[in-house]
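# Coordinate inspection notes
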Amino acid sequence: MKSILFVSIAFPPKFDSEGLQVAKYFKYFRNECDGRLDIDVVTSAVPTLFMPVDASLKKVDNGYRQKIEIKIPENKYINFLLKKIDPLLVLRPDSKFRFFKQWKKVVRELQNKPSIIYSRSYPISSAIMAMRLKDHYNIPWIMHVSDPWADDPVANLKGKTKELNESLEKECFSKADKICLTSHQTINYFKTKYPEHEHKLEYFPNVYDAADITDIDQPANSKLRILHSGGLAGIRSPEPILKAVTLLPASTKENLEILFAGIVDRRNRSLLDKYKDPCIRYLGSLSTYKQAIKLQQDADVLLLIDFPIKEPKLRMHFLSKLLDYMIARKYILGVTGRGSTCWEFIDGVRGHCFEESEFSAIAGHLTFLVEKFKSDKNFFRVDKVDSQFDAQYNAKRLYALTHSVLDGASQNSSFKENVSRSI
């Protein structure tokens, strides 16, 4: 029987945004493969820095033939210091580069040669591991890329670090047989950057699990409850919302509560302290996915804070939390750049968006939402669940793509064999 090697550092039960996406895809992909395609897994060992374990995701951690776990020696304080000295010491392509450096260990431990490789990135080191294994086994490779890479404005790579990542990106795009991307904006971007690889690009979005959809009543909150669930770090900041709150009259704030739940870095925590207000609360980090879902169900409005990206063509990040927000069927308030992937998903369809600098407009909209809350709570129920983002549907598509690539490789091999014989 043919087999697929599933390569992902963020494999369940790891709890982060990419880990949740991997869990949703793998849950249904393994069902599609059942009895038709064996699965082997290569991932990082637990613990993995910044990827805590969610016990509820352990139920997804099965259905494969063999699982190889690679230890990644990593320390956040050492990473911080090394990045200050020279980013090239860490970002090659990311801090988890020791994962793919151990590709020969995978070769030694893997009991069966795979027929095809599928890799999930982020972290990008998953893709480099897959590329090394493709070179070794000389088999097809489907590479998934969640976000822009060398040109990612969030990473803001420069100098030799930028050059290294450009080189790795170019090599991966050249060697991958198919490249799965999460948004049409990302596809269009890479079509322009690598026109010679346009035929490889496939649309595979972030997904939701229909099993997580529950029929719930509108929460009976006494105040309008707005929730941001998930991490806030680096340039992704709650400051636009916090500044808007300072512009609100006391009568509005008395009927409003804004909750932040998830990992918050030191800079953003200081902002929450700076703009301290009785209507703003930080609940701390989240330990499980179920906890995040429960908080979303109990809110009236869900807050999306995107990366502030100046260049419009680079506003292509599709934040995976949007799918959780969508199946919660709540009004979404987005802070994002105009024309971004997130803006197109939310504005006028599932809620309303503002750019990061529109503090007064955000304040005005918060006042509008509070008044709506008093008169019509049904306004905040938004039944706009789009089946194109369904995990089972996209896992079926991925399974079909896998067989298409395998069939193409088999035909190519047969053609080469016939040509060799004729010579």
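These notes cover the structure that comes with them. As the structure is a prediction and not an experimental result, all values here were calculated from the model. Per chain, residue numbering runs from 1 following the sequence as it is written. In keeping with the predicted nature of the model, local features appear solely for residues at pLDDT of at least 70, side-chain atom pairs appear and are counted solely at 80 or more, and the whole-chain, interface and lining totals rest on all residues. Side-chain measures here rest on the full set of heavy atoms in the structure, leaving out hydrogens and waters.

A few words on the overall build of the protein chain. To qualify as a helix, a DSSP run of H or I must reach at least 4 residues; to qualify as a strand, a run of E must reach at least 2; elements of each kind are numbered from the N terminus. Across its full length, the protein chain holds 14 helices and 13 strands. We compute the radius of gyration over the C-alpha atoms and compare it with the globule rule, which gives 2.2 Å times the number of residues raised to the power 0.38. Its C-alpha atoms give the protein chain a radius of gyration of 23 Å, near enough to 22 Å, the size a compact globule of 423 residues would have. Judged by the C-alpha coordinates and their principal axes, the protein chain covers about 85 × 50 × 40 Å. Only protein chains enter the accessibility calculation, which uses a 1.4 Å probe; a residue whose area is less than 20% of its type maximum is buried, one above 50% is exposed, and one in between is partly exposed. In the protein chain, which comprises 423 residues, the share counted as buried stands at 54%.

What follows is about the nonpolar core. Nine residue types can take part in a nonpolar core, namely buried Ala, Val, Leu, Ile, Met, Phe, Trp, Tyr and Cys, and a core is a set of them joined through side-chain atoms within 4.5 Å. By size, the foremost hydrophobic cluster in this structure holds 101 residues, and its most contacted members are Val7, Val42, Trp141 and Met143. Here this core gets eight residues from one element, more than from any other, and that element is helix α1 (residues 17-33). Contact definition: two residues touch when any of their heavy atoms are within 4.5 Å. When residues no more than four places from it in sequence are discounted, the contact partners of Trp141 are Ile116, Ile117, Ser119, Ala127, Ala130, Met131, Lys134, Cys172, Lys175, Ala176, Asp177 and Lys178. In terms of nonpolar packing, the next biggest core, distinct from the first, is built from 32 residues, Ile362, Leu369, Phe373 and Phe380 among them.

Moving on, we come to the pattern of salt bridges. Pairs can form between side chains of opposite charge whenever their charged atoms are close. Any carboxyl oxygen of Asp or Glu within 4 Å of a side-chain nitrogen of Lys or Arg constitutes a salt bridge here. All told, the structure shown has 29 salt bridges when counted by the stated rule. The salt bridge partner of Lys96 is Glu74, with a shortest N-O separation of 3.2 Å. Linking Lys96 in the loop between α2 (76-85) and α3 (103-109) with Glu74 in the loop between β3 (66-70) and α2, this pair joins segments that are 22 residues apart in sequence. Grouping residues by exposure puts Lys96 and Glu74 together as buried. Here the salt bridges share partners, and the residues they tie into one network are Asp151, Lys162, Glu166, Glu169 and Lys193.

What follows is about the environment of Asp298. Positionally, Asp298 belongs in the loop between α10 (289-297) and β11 (301-305). For Asp298, a relative accessible area of 25% gives the class partly exposed. Distance in space between the C-alpha atoms of Asp298 and Arg108 is 49 Å, their sequence separation being 190 residues. Not counting residues up to four positions away in its chain, the partners in contact with Asp298 are Pro219, Asn221, Arg225 and Lys330. Among the polar contacts made by the side chain of Asp298, one reaches the side chain of Lys294 at a distance of 2.6 Å. Polar contacts here mean pairs of N or O atoms no more than 3.5 Å apart (in protein, one a potential hydrogen donor and the other a potential acceptor; neighbouring residues in sequence count only if both atoms are side-chain atoms).

All right, on to empty space enclosed by the protein then. Buriedness of a pocket was judged along seven lines, with at least five required to meet protein on both sides within 12 Å; pockets are open sets of points on a 1 Å grid over the protein atoms alone, cavities are sets where a 1.4 Å probe fits but cannot get out, and lining residues have an atom within 4 Å of a point. Grid points are joined across faces, edges and corners, and a volume is the space filled by probe spheres set on the points. Evaluation of the coordinates by the stated rule reveals one cavity of 30 Å³ or more. Estimated volume of the largest cavity: approximately 70 Å³. Along its surface, the largest cavity is lined by Asp212, Ile213, Thr214, Ile216, Ile293, Gln296, Gln297, Asp324, Ile327, Ala328 and Arg329. Residues that form the lining of the largest cavity fall into these classes: five nonpolar, three polar and three charged. Classes in brief: Ala, Val, Leu, Ile, Met, Phe, Trp, Tyr, Cys and Pro nonpolar; Asp, Glu, Lys and Arg charged; the others, Gly included, polar.

Next up on the list: unusual backbone geometry. Note the cis peptide between Pro12 and Pro13, where omega equals 20°. With respect to the element layout, Pro13 can be found in the loop between β1 (3-7) and α1. With an omega of 5°, the peptide bond between Val46 and Pro47 qualifies as cis. As for its placement among the helices and strands, Pro47 is situated in the loop between β2 (38-44) and β3. One non-glycine residue with positive phi stands out, namely Phe50, at about 70°. Looking at the element boundaries, Phe50 is found in the loop between β2 and β3. The exposed category is assigned to Phe50, whose relative accessible area is 57%. Of note, the phi angle at Asn138 is positive, near 55°, even though the residue is not glycine. Looking at the secondary structure, you find Asn138 in the loop between α4 (125-137) and β5 (141-145).

What follows deals with the packing of α4 against helix α5 (residues 159-175). Helix packing geometry: the angle between the two helix axes and the distance between the axes. Think of each axis as a best-fit line through the C-alpha atoms, taken over the contacting stretch in the case of a helix, with angles from 0 to 180 degrees between the N-to-C directions. At a closest axis distance of 10 Å, the pairing of α4 and α5 adopts a crossing angle of 50°. Judged by the angle between their axes, α4 and α5 are oblique. α4 and α5 meet at a crossing whose hand is left-handed. For the pair α4 and α5, the contacting residues are Ala127, Ile128, Met131, Arg132, Lys134 and Asp135 in the first and Leu168, Glu171, Cys172 and Lys175 in the second. For classification purposes, angles smaller than 35 degrees are called roughly parallel, those larger than 145 roughly antiparallel, those between 65 and 115 roughly perpendicular, and all remaining angles oblique. Here is the rule for handedness: rotate from the far helix to the near one, and if that takes an anticlockwise turn smaller than a right angle the crossing is left-handed, while a clockwise turn gives right-handed.

With that settled, the discussion passes to the side chain of Gln296. Tracing the sequence through the fold places Gln296 in helix α10. On the basis of relative accessibility, which here comes to 3%, the residue Gln296 falls in the buried class. Aside from chain neighbours lying at most four places away, what touches Gln296 is Leu227, Ser229, Leu302, Asp324, Tyr325, Ala328 and Lys330.

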